[in-house]
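This is what each chain is made of:
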Amino acid sequence: MATTTRKISRPLSKEEGFRYIEDYLRSGMRGSEYYRAHGLSEWQFYKWKQLYLLEHPEASETVMKKTGAHNGSLMRPVEVKHVPGDETPVCRLSTFTIPEASIYALKGD
């Protein structure tokens, strides 16, 4: 796909939208770099990416590698060690991984 600085203001066909997303997955570029370089709006890019991944779930692994998201479970328990002499209750810390963010929740035992 040719690089352009003009915005594409017309609606894209399914074939065109999917072609852009396939090209993006092969490109190695970040999403924001790609849609700016190809004249897509942010909305167009992410709309077509979402539709593409719904029809091609096998491509989500490629997206996860590009974004640095972890494979496997979204919940990974982390044990908190009890220090002898410390009467603090033992708790388990769980990490919920969301691309580019982590939320921590404490669970008492």
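The structure displayed is predicted, hence computed values, not measured ones.

Asker: With reference to specific residues and values, describe the nonpolar core.
Answerer: In this structure, Leu25, Leu40 and Phe45 are the most contacted members of the largest nonpolar core, which totals 15 residues. At the level of elements, α1 (14–27), α2 (31–37) and α3 (42–55) are the ones that each hand at least two residues to this core. In terms of residue count, α1 provides more of this core than any other element does, 5 residues in total. Leu40 has contacts with Lys7, Ile8, Leu12, Tyr20, Tyr34, Tyr35 and Phe45, leaving out every residue within four places of it along the chain.

Asker: Please provide a residue-by-residue account of the packing of α1 against α3, values included.
Answerer: At a minimum axis separation of 9 Å, α1 and α3 run at an interaxial angle of 90°. Here α1 is positioned roughly perpendicular relative to α3, judged by the angle of their axes. Counted together, Lys14, Gly17, Phe18, Ile21, Glu22, Tyr24 and Leu25 of α1 and Phe45, Trp48, Lys49, Leu51, Tyr52 and Glu55 of α3 form the full contact between these two elements. Of the residues that constitute the contact of α1 with α3, the class distribution is 8 nonpolar, 1 polar and 4 charged.

Conventions we followed
Residues numbered from 1 in each chain as written. Predicted model: local features only at pLDDT ≥ 70, side-chain atom pairs only at ≥ 80, totals over all residues. Heavy atoms only, no water. Core = buried A, V, L, I, M, F, W, Y, C linked by side-chain atoms within 4.5 Å. Buried < 20%, exposed > 50% of the residue type's maximum accessible area, 1.4 Å probe, protein only. Helix = DSSP H or I, 4+ residues; strand = E, 2+ residues; numbered from the N terminus. Contact = heavy atoms within 4.5 Å. Axes fitted to C-alpha atoms, helices over the stretch in contact; angles between N-to-C directions. Parallel < 35°, antiparallel > 145°, perpendicular 65-115°, else oblique. Nonpolar A, V, L, I, M, F, W, Y, C, P; charged D, E, K, R; others polar.

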